[in-house]
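Structural description and commentary
Listed below are the residues making up each chain.
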Amino acid sequence: MVVDPEHVPVNGRKRSQRPQRSHREVADELRSRISSGELRPGQRMPTQAQLADEFGVERGAVRQALRILQSEHLLSNVSKGSPATVAPNVGKALTGPEAQPQPTMVALAPRITAAFSVPHVEIDALCLTAVSLTLAMGEPLRLIHEGRLKPARVDVRVLLPSSDIDLAFPAPVDDTADDRLQRRWLAHRNAQGQVLKHNLLALRATHGIDVHVTFRALPFTPPVKLYLLNESEALFAYYTLTRRGEEIDHEYLEMYDAEGTQSMLFPFEQRDRDSLRDTTFVEQSHLWFNALWETISSELVLTG
């Protein structure tokens, strides 16, 4: 397929130079635009021809992507004849009881950004390295620096595995292997935590925001990740292990590992007592997190 480099499709985006995308990749990108607010509730979507041109795919792939988003209640009026419309109640579709689980890299950032819209931001996280949380903080920090968000206080608590334990994962398939994976994970955990803490604490000097960031260490490898936002929302995901290989220190090593950024996040939101399922899950998740924080966790210093 010949691509005209001078052509600029809808929304000013240049046509993709990547290999042709799947309909699920198109759906993921459009979902991200909806969740970020780039495509607003009630707004008409670009035509299927425009979307096909932008993404470099056939119209059939676009139709499949739009049907996925319609099934998730993010779009309405999906047909061959006219452009679809962004659903009027997108917030409920993204976070309500019928919301579809999404990969962490898709779902977490817009929810973290929304959490920063209140005067007192409270975020609790239980995870393996904090890489997803650090990446998700980028958008609200940008909006704060632009003057579009201005919370008065930010409290962040993070539970991470202790450096004193043998990790369940990542772990070498050959249990006689050395501790290279453990050392690499520890360096990654410390680096991500230090970046997260530095970026948040910088808000004190630059914007006068009262920021508190605390880390504590768990005596086990968490099989799940959990994000609790403003005591009203919980995002939950499983770390699903796979066997893969990678070159480490010039040697190929087979390992069991989980890609946390791709873990599917299940959203639960505490709105009112009518949504008993979500309300109970959020409440119990807070109780569980606080119990870990106050009992078996220990001080965590982000060094070697």
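So, here is what we can say about the structure in this document. (Residues numbered from 1 in each chain as written. Predicted model: local features only at pLDDT ≥ 70, side-chain atom pairs only at ≥ 80, totals over all residues. Heavy atoms only, no water.)

With that settled, consider the overall build of the chain. Of regular secondary structure, the chain possesses nine helices and 13 strands. Residues classed as buried in the chain amount to 48% of the 304 residues present. Within the chain, counting contacts between residues at least 6 apart in sequence, those at least 24 apart form 71% of the total. Of the accessible surface of the chain, which amounts to about 15,400 Å², a share of 50% is contributed by carbon and sulfur atoms. (Helix = DSSP H or I, 4+ residues; strand = E, 2+ residues; numbered from the N terminus. Buried < 20%, exposed > 50% of the residue type's maximum accessible area, 1.4 Å probe, protein only. Contact = heavy atoms within 4.5 Å. Areas by Shrake-Rupley, 256 points an atom, 1.4 Å probe, with all protein chains shown as cover.)

Ranked by size, the top nonpolar core spans 44 residues in total, and within it Ile112, Phe116, Ile123, Leu133, Met137 and Leu200 carry the most contacts. Broken down by element, the residue count for this core peaks at five residues, all from helix 8 (residues 180–207). The contact partners of isoleucine 112, leaving out residues within four places of it in the chain, are Ile123, Leu133, Ala136, Met137, Pro140 and Leu229. Within the second largest apolar cluster, 23 residues are counted, among which are Ala27, Ala65, Leu74 and Val86. (Core = buried A, V, L, I, M, F, W, Y, C linked by side-chain atoms within 4.5 Å.)

What follows deals with the pairing of strand 12 (residues 264–269). When strand 3 (residues 102–103) meets strand 12, the two strands line up antiparallel, connected through two bridges. When the sheet's bridge partners are listed, glutamine 102 is paired in strand 12 with leucine 265. Where strand 9 (residues 233–238) lies against strand 12, four bridges are found, and the strand directions are antiparallel. Note on strand 12: the bridge partner recorded for phenylalanine 236 is phenylalanine 266. (Pairing = 2+ DSSP bridges.)

Our focus in this paragraph is the sheet that holds strand 6 (residues 171–172). Spatial strand order, 6-11-10: three strands in an open sheet with antiparallel pairing. Where the open sheet ends on each side, the last strands, each with one partner, are strand 6 and strand 10 (242–248). By the bridge criterion, two bridges tie strand 6 to strand 11 (residues 251–257) in an arrangement that is antiparallel. Bridge pairing links proline 172 to methionine 255 in strand 11.

As summarised here, the arrangement of the eight strands in space is 3-12-9-8-4-5-7-13, forming an open sheet in which the pairing is mixed. Edge strands, defined here as strands with exactly one partner in the open sheet, are strand 3 and strand 13 (298–299). In this structure, strand 5 (residues 153–161) lies alongside strand 7 (residues 210–218), joined through nine bridges in parallel fashion. Paired with arginine 157 across the bridge in strand 7 is threonine 214. Packed on one face of the sheet, helix 8 meets strand 5 and strand 7 and runs near 165° to strand 7. Across the sheet, helix 9 (residues 276–294) is in contact with strand 4 (120–126), strand 5, strand 7, strand 8 (224–229), strand 9 and strand 12; its angle to strand 12 comes to roughly 110°. (Axes fitted to C-alpha atoms, helices over the stretch in contact; angles between N-to-C directions.)

All right, on to the environment of leucine 141 then. Note on placement: leucine 141 falls in helix 7 (residues 138–145). On the accessibility criterion, leucine 141 (9% relative accessible area) is buried.

Turning to the packing of aromatic side chains, a few remarks are in order. Summed over the entire model, instances satisfying the criterion amount to five aromatic pairs. Plain terms: the ring middles of phenylalanine 289 and tryptophan 293 are 5.9 Å apart, the flat faces sit at 20° to each other, and that makes the pair stacked. Separated by four residues within a single helix, phenylalanine 289 and tryptophan 293 lie in helix 9, roughly one turn from each other. Classification of phenylalanine 289 as buried rests on a relative accessible area of 0%. Under the relative-accessibility criterion, tryptophan 293 is labelled buried at 12%. Among the aromatic residues, those joined into a cluster by ring pairs are Phe236, Tyr238, Phe268 and Phe281. Over the ring of tryptophan 293 we find arginine 157, and its NZ or CZ is 5.0 Å from the ring centre. (Phe/Tyr/Trp six-rings, centres within 6.5 Å; stacked < 30°, edge-to-face > 60°. Lys NZ or Arg CZ within 6 Å of the ring centre and 35° of its normal.)

Turning next to the pairing of strand 7. Where strand 7 lies against strand 13, two bridges are found, and the strand directions are antiparallel. Paired with alanine 217 across the strands is serine 298, a residue of strand 13.

Interpretation in functional terms is not warranted from these geometric data alone.
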